[in-house]
Amino acid sequence: MTPEQALLETQAAVEMITVVIDGFEVTVPKGTLVIRAAEKLGIQIPRFCDHPLLEPAGACRQCLVDIEINGRAFPKPQASCTIPVENNMIVKTQLTSPVAEKAQAGIMEFLLINHPLDCPVCDKGGECPLQNQAMSAGRPESRFEGVKRTFEKPVSISSQVLLDRERCVLCARCTRFSEQIAGDPFITLIERGALQQVGIYEEDPFESYYSGNTVQICPVGALTGASYRFRARPFDLVSVDSACEHCASGCAMRTDIRRGKTLRRLAGDDSSVNEEWNCDKGRWAFKYLTSRERVASPMIRGEDGELHEASWPEAIAFAAAGLKGKRAGVLVGGRATVEDAYGYSKFARVALGTNDIDFRSRPHSDEESSFLSSVVLGLKTTYKDIDKADQVVLLGFEPEEESPIVFLRIYKQLRKRALAVISDAPVASRGSVKLKAQLVSDISSISGLTSKSVILVGERLGEKVGALSAAVDLAEKSGAKLAWIPRRAGERGAIASGAIATLLPGGRPVSQASARVDVAAAWAVDSLPANPGRSTSEILHALIVNNLDAVVIGGVDPLDISNTALSQLLNSFVVSLEITHSAVTAVADVVLPVAAVIEKSGSFQDWQGSARTFEKAIADSLSRSDVRILSMIADEMGTPINLPTVAATAREIAALGNWDGAAISFEKTSTVKTLATEEKMNLTSWRLLLDLGTLQDGETNLAGTARKATARISKTKAEKLGVNEGELISISSDLGSLKLPVEISEMSDNEIWVPRNSIDSQVIANLGFVNGQVTVVKA
Amino acid sequence: MSKLTPVLSANWDDKDSFTIEGYKRAGGYQAVTKALAMEPDAVITMIKDSGLRGRGGAGFPTGSKWGFIPQGDNKEHYLVVNADESEPGTCKDTPLLLANPHVLIEGIIIGSYAIRANHAFIYLRGEIVHVYRRVQQAIEDAYKAGLLGKNIGGKGFDLELTLHAGAGAYICGEETALLDSLEGFRGQPRLRPPFPAIAGLYAKPTVVNNVESIASVPAIIKNGVEWFQTMGTEKSKGFTLYSLSGHVNNPGQFEAPLGITLREILELAGGVRTGHKLKFWTPGGSSTPMFTDEHLDIPLDYEGVSAAGSMLGTKALQIFDETTCVVRATLRWCEFYKHESCGKCTPCREGTWWLVQMLQDLEDGKGTEADLTKLLDLCDNIAGRSFCALADGAVAPIISSLKYFRDEYLEHQRNGGCPFDPVASTLFKTVGA
Amino acid sequence: MNFTPDQLKIMDSIIARYPRSRSAVMPLLHYVQALDGYVTPRGIEKIAELLDISTAEVTAVSSFYTQYRTEPAGEYHVGVCINTLCAVMGGDAIYDSLETHLGIKNHETTADGKVSIERIECNAACDYAPVVMVNWEFYDNQTPQSVKDLVDSARAGNPTPPTRGPKTLRTWKQNSEVLAGLNDGLANEGVSAGEATLLGLKIAKGGK
């Protein structure tokens, strides 16, 4: 099919309809609502309950207009948010119809009679649709002389959302969002008539991972966020478009800053990614930056063993001296921007002359290394493929916990057309329950996939020997589309930037001489190291057995890797690039402060491989991006990498482009069955969206809505152990143990699941691994 | 010969009229045999031809409603009976079901057969527990008699019938609110389209009919279209139940051809309370604009009442004599609509809140003439602006009472309060209030 | 306190009446009232669990309908119709005298737990006005005195029987069970129709 034919086909598929609104013709696709057809003409019909992403309600009646079709007028004004356009339709809005104008003014008056006059202390004041529309369409003086409806105000419906029922106009946006978009109908309309109100069941708070969206779409100040309440006036804030640093979903964001401080973050609009939503972590977890002590200036460890403040030149010189001529590796956290990761990649190859670089501060394997360097950059699966999928397979991946916007997209299709979902999880998470996922124990048992199916592989699949290979086999055999969805925002970009031993930037295999020559030429160096590099665990191991002398480490929490990682750093020269003081800065020889996301520009690559660029939110920040600091160290070492700014780095990345040669082939590994013995159980874990992750530090309102840690086991197992629901069990490995209340679930008798990094359940610290064999007894 | 035509009520005076034996003895369950021998479409045609119109208030032709159900669509179809009788003044379905639940069941079997439904529901208001007992027992007995369940009458027609109790919500009389309620949601009206005939109960094609409409079906099938058309007026065919209540000497149910007048009914009922005279009345429940003694000779059919500026509604004739304060009556009706507003849409929810306060002030003598203008303006901002017709019903008594009794509103202000003695309007002023 | 296996069996049978389980929420709420006298937290939680909906969704339904109570009803729940027609014809006077007589207000229950009162809207018996309902049974053509006598008889444990209903007045919980669809076998008790219901028929037969 030629592009022209394709275009014709699309046009034929969508019937276009022409209507006249206030005397102007507009042509829109069939099914378009009158209110939106009017928007196309720039005619704003006032509204409250209408929201383009929610099913029409027709509840507030603010958008009444006069309509006639084929010369026949509706006897009364119609809600333009519920009526789709039709041929020969003539619409008269408040601009041309006195009836519509009076109808709207009447509704506005009704909405205001019971609305409190507390705009001066309302968070929404200044950005309130009710306030704005009351100004434009309301009466200057109220005709209402009666008694207003009063409620206790505000009430907490979760630790992070407050409800002021007096302000509520009962548009049901929040309740429709919770039910239709998030699948969390924990807030509903309760009571009836004039007493109708938004509410929860008293014992069950509004603990949805997406609750913040209701605050954002509330057209009045009825729902407010506890953390932002009374903090700012909208007109005092400077808004900057940004990207979310929390996960690989890739949400567009808006960051609102006042005098160098983030006051709030909101979901940005991007119809191809997050539509208009985000998760509560993305919205509310931004205090990590201020919750711990910020590294204020460069620091050098003195003879006394303590860190001392130093000037930039001193610190750079100290770092350079410690690295120059040494055998050194590089550990980049998975949250680096594309530009910073590129800086680390180039620094390793050019300044340190090594391929010992890895971005994986988490459990990893050789199989995964091979998968990441051969398969991932070639994956082209996108959100659109989920929209069109006939089946979605989740492997080592819990979308609601690990990439919440991916969850929303799947859920949307589930509601729309009962999309089938399959998961290899040993037990159904709440997300799986909502997606009605069919659980399978074995990837090889999945059948019936087609080229329209989508296989979403999470980073955890690499923890199971042979599983990534099985997933690739499944995709190859069925023709299904494959995607790899890591948990952290920087991981895909880190691979593309070559922050991994096997790849140079642009997906160029280190093993290919031509690739090395290519990059060496672009970087104006004679040659690049050809020796195979080490992975994160190999670098750490090399540090203790003295095969490496030094390490450059940025944005890594050692406890994400293993419970021994930190101690492995102790006897080497450690250069730490960090935002706040941490376990690593505590053992580093030199600490170099770097900029946080809001203080710098840059980009992430979301799981689709799309760039999510963002600008500095704090324009006058003095903090520097990692790449700039690395460039200074390299200069000092006499091996410049010439990346003085983020912008220069981005230009260089663009100029270098992507590898057009053959990719490395994926070395598959066969599956190893681990059989539990009679006494031991197989423990599986994953992180919950809200847990002890460091980027959630300092946000207690958000933390209050985290799901409580439980150990999930089967009913039979619970009976065997002699425990009831909610009673404690002790779970132990050779390295340690933890105690959790039991949650009886449908699962195999020898399987146990616990959260990976929640209160009372930090499995790397407590058990020494993330999945493995444990002994379980009644505590 | 009176003009009365007892058909539905013909056997109500039998002591066992509500039992299956009693109903059969009175000729019950003969129509179903006849209908099951017909093609379903022929049944629909017959009901269409009869001219039977919905007895629940709107008067939509019952046969046409049945005809809207798409056939051959491989979907389940449902028949839902609206037995949520709650409109103030309306009291016809309740005594009908108490006295003869089987006539409804027979109508349901015929209607379900016609629209090819294999599951029907009766949504019965919850506050009438003895009626629930009677209907439930009737259903159980009909199952035992092979009139419900599998292969009814050996004709290969299957029908399940479920009785569902409401729980106190007038709005569930609105058919889409009823469907939401039956599905286990709050009884709030749905957007239309889609109409129930296309996507009703569980999003499947559904007919929602009033009790009296369905109960009228067996007689039509049994006695024929011509017989039915001998009763009533040109566009309002057949017999119906008129419920007379209030300040009359003998209130009660009067089954008569459509088109009878209030004057005729009052004559049968021994007139307005002795010593008093008619002041105002509703032709079909509180949401139909009120009439006065000028309207005694209006034919009580769909067209006649409509031409006089009101609606036939449920034929609930509530009679108020001159002892009744029309402001008080209107206030109380408005309080009812405020209480029953589902809360979904702004004009109804907020408007009734406001109207009640204004009417209370007027009743207390605190209202002014300017308030009457404001009151009418508010009614104008509510009527036709709300999601469903409940709010239209709420303003109907206000607008109509102001039309006929404007000065009585002002008299309250002049008098510094209500000029009526509430005891005078009670039935027991001499037996101790 | 947990529901007994027998009670859970009944709940399952209620759910089985409907093509889709969620439809059972209303009869289940009536059933919870039959067991607990009102909509209790344990009832809400059990219904949510059985129907696989959230507790907030159950609350949304239970709080919409006026028959579902958030506090225990008396053993005899007296509803006085105060809608226009009944009010004018004596309902207001009946209600006022009842409040005074019992010393309680709308929605309250007497200290002995026997009688609760409620102002109710039209109960579809206007031809028997003024109407009072006790546990949703008809008490036709009432007066202030007849209602005082009625509640006194109820508190004495020997309630006046309904005008059109079973021979003996059943309790609030027992009648809630009927509304949940559990047949108490009393359908055949009581008259087929009251006098007003039969008026037109009588006149027609009298050939007037």
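Residues numbered from 1 in each chain as written. Chains lettered and ligands numbered in written order. Predicted model: local features only at pLDDT ≥ 70, side-chain atom pairs only at ≥ 80, totals over all residues.

A. Structural view of the overall build of chain B. When helices and strands are tallied, chain B shows 17 helices and 10 strands. For 433 residues, the compact-globule formula gives about 22 Å, and the C-alpha radius of gyration of chain B, at 22 Å, lands near that figure. Counting across all 433 residues of chain B, residues that qualify as buried make up 65%. Partitioning the intrachain contacts of chain B with sequence separation of at least 6 by distance along the chain shows that 72% fall at a separation of at least 24. (Helix = DSSP H or I, 4+ residues; strand = E, 2+ residues; numbered from the N terminus. Rg over C-alpha atoms; globule rule 2.2 N^0.38 Å. Buried ≥ 20, exposed ≤ 12 C-beta atoms within 10 Å, placed from the backbone. Contact = placed C-beta atoms within 7 Å.)

B. The overall build of chain A, seen in detail. What chain A contains, in helices and strands, is 26 helices and 38 strands. Dimensions along the principal axes, computed over C-alpha positions, put chain A at roughly 85 × 65 × 60 Å. In chain A, which comprises 779 residues, the share counted as buried stands at 55%. Within chain A, residue pairs in contact and separated by at least 24 positions form 69% of the contacts whose partners lie at least 6 positions apart.

C. Quick peek at the packing of helix α1 (residues 5-15) of chain C against helix α2 (residues 25-36) of chain C. All names here are of chain C. Contact pair α1 / α2: the axes reach a minimum separation of 10 Å and the direction vectors enclose 155°. Considering the angle they form, α1 stands roughly antiparallel to α2. Viewed along their axes, α1 and α2 form a crossing whose handedness is right-handed. Contact residues: α1 offers Q7, I10, M11 and I14, while α2 offers P27, L28, Y31 and L35. Tallied by class, the residues present in the contact of α1 with α2 amount to 7 nonpolar, 1 polar and no charged. (Axes fitted to C-alpha atoms, helices over the stretch in contact; angles between N-to-C directions. Parallel < 35°, antiparallel > 145°, perpendicular 65-115°, else oblique. Left-handed = near helix turned anticlockwise from the far one by under 90°. Nonpolar A, V, L, I, M, F, W, Y, C, P; charged D, E, K, R; others polar.)

D. Structural view of the sheet that holds strand β5 (residues 206-210) of chain B. Residue and element names in this part refer to chain B. Spatially, the 5 strands line up as an open sheet ordered β3-β4-β2-β1-β5, and their pairing is mixed. The sheet is open, and its two borders are formed by β3 (149-152) and β5, each paired with just one other strand. Strand after strand, the sheet turns through a mean of 25° between neighbouring axes, direction not considered. Where strand β1 (residues 78-83) lies against strand β2 (residues 119-124), 6 bridges are found, and the strand directions are parallel. Following the sheet pairing, N82 is matched in β2 by Y123. This element, helix α7 (residues 129-144), spans β2, β3 and β4 (157-165) of the sheet and lies at about 165° to β4. (Pairing = 2+ DSSP bridges.)

E. Representation of the pairing of strand β30 (residues 611-614) of chain A within the structure. Residue and element names in this part refer to chain A. Burial along β30 is one-sided: R612 and F614 are buried, and none of A611 and T613, which face the opposite way, are. Where strand β29 (residues 602-605) and β30 come together, 4 bridges link them in antiparallel fashion. Across the sheet, G602 pairs through a bridge with F614, a residue of β30. Here β29 hands over to β30 after 5 residues, with G609 in that stretch at a positive phi of 90°.

F. Just the interface of chain B and chain A, in detail. Across the contact, 24 residues belong to chain B and 26 residues belong to chain A. Elements with a contribution of two residues or more to the side of chain B that touches chain A: α14 (326-340), α15 (346-363) and α16 (369-382) of chain B. If you tally residues by element for the side of chain B that touches chain A, the top one is α15 of chain B, at 8 residues. The residue makeup of the side of chain B that touches chain A, split by class, is 7 nonpolar, 9 polar and 8 charged.

G. Representation of the interface of chain C and chain B in the model. Taken together, the contacts link 68 residues of chain C with 79 residues of chain B. Counting only elements with at least two residues in the side of chain C that touches chain B, the list comes to α2, α4 (55-62), α5 (84-102), β4 (137-139), α6 (144-155), α7 (172-179) and α8 (195-205) of chain C. Split into classes, the residues belonging to the side of chain C that touches chain B amount to 38 nonpolar, 21 polar and 9 charged.

H. Looking closely at the pairing of strand β38 (residues 772-778) of chain A. Residue and element names in this part refer to chain A. Bridging between strand β31 (residues 680-686) and β38 involves 4 bridges; their strand directions are antiparallel. What sits directly across from K680, in β38, is T775. Across 4 bridges, strand β33 (residues 728-732) lies against β38 in antiparallel orientation. Note on β38: the bridge partner recorded for S730 is V777.

I. Spatial organisation of the nonpolar core. Counting residues in hydrophobic clusters, the biggest one holds 431 residues, and the most contacted among them are V457 and A471 of chain A. Looking at this core, the element that brings in the most residues is α5 of chain C, giving 10 residues. A domain split of this core shows at least three residues from each of domain 1 (5-64) and domain 2 (76-171) of chain C. Among the nonpolar cores identified, the runner-up in size contains 21 residues, and L683, A709, I729 and V776 of chain A belong to it. (Core = buried A, V, L, I, M, F, W, Y, C linked by C-beta atoms within 7 Å. Domains from an automatic or database assignment.)

J. Seen up close, unusual backbone geometry. Cis geometry is found at the peptide bond from K153 of chain A to P154 of chain A, where omega equals -20°. Structurally, P154 of chain A can be placed in the loop between α4 (129-137) and β7 (155-156). Cis rather than trans, the peptide bond between P193 of chain B and P194 of chain B has omega equal to 0°. Structurally, P194 of chain B is set in the loop between α8 (175-182) and α9 (196-199). Positioned with a positive phi, D760 of chain A is a non-glycine residue whose angle comes to about 70°. Using a count of 17 C-beta atoms within 10 Å as the deciding quantity, one classes D760 of chain A as partly exposed.

K. Structural view of the environment of Q696 of chain A. Residues and elements named next belong to chain A. Looking at where Q696 falls in the secondary structure, it is placed in the loop between β31 and α24 (700-703). Judged by the 23 C-beta atoms lying within 10 Å of it, Q696 falls in the buried class. Residues Q696 and A285, spaced 411 residues apart in sequence, show a C-alpha to C-alpha distance of 5.0 Å. When residues no more than four places from it in sequence are discounted, the contact partners of Q696 are K281, A285, Y288, L690, L702 and A703.

L. Representation of helix α19 (residues 536-544) of chain A. Residues and elements named next belong to chain A. Turning to α19, its buried residues are T536, E538, I539, L540 and L543. Its buried side turned inward, α19 meets β17 (328-332), β18 (357-358), β26 (550-554) and α20 (565-568). At the C-terminal side of α19, N546 shows a positive phi close to 60°.

M. Looking closely at helix α3 (residues 41-51) of chain C. Residues and elements named next belong to chain C. Inspection of α3 places G43, I44, K46, I47 and L51 among the buried residues, and these make up the whole buried set. In a view along the axis of α3, the buried residues occupy a sector of 170°, so they form one face of it. Elements in contact with the buried residues of α3: α2 and α4. The first or second residue beyond α3 is D52, which carries a positive phi of 60°. (Arc of directions from axis to C-beta.)

N. Representation of the sheet that holds strand β10 (residues 316-321) of chain B in the model. Residues and elements named next belong to chain B. Taken together, the 5 strands give an open sheet; going across it, the order is β7-β6-β10-β8-β9, and neighbouring strands pair in mixed fashion. Both outer strands of the open sheet, β7 (252-257) and β9 (291-292), are each paired with one neighbouring strand and no more. With 4 bridges joining them, strand β6 (residues 239-246) and β10 adopt parallel strand pairing. Within β10, the position partnered with S245 by the bridge is Q318.

O. Representation of the packing of α14 of chain B against helix α17 (residues 390-415) of chain B in the model. Residues and elements named next belong to chain B. At a minimum axis separation of 8 Å, α14 and α17 run at an interaxial angle of 160°. In terms of orientation, α14 and α17 fall into the roughly antiparallel class. Between α14 and α17 lies a crossing whose hand is left-handed. For the pair α14 and α17, the contacting residues are V326, V327, T330, W333, C334, Y337 and E340 in the first and L390, G393, A394, P397, I398, S401, F405, E408, Y409 and H412 in the second. Grouping the constituent residues of the contact of α14 with α17 by class yields 11 nonpolar, 4 polar and 2 charged.

P. Seen up close, the environment of A142 of chain B. All names here are of chain B. Tracing the chain through its elements places A142 in helix α7. Judged by C-beta crowding, with 25 C-beta atoms within 10 Å, A142 ranks as buried. Residues A142 and Q318, 176 residues apart in the sequence, show an inter-C-alpha distance of 36 Å. Aside from chain neighbours lying at most four places away, what touches A142 is I20, I105, L147 and L148.

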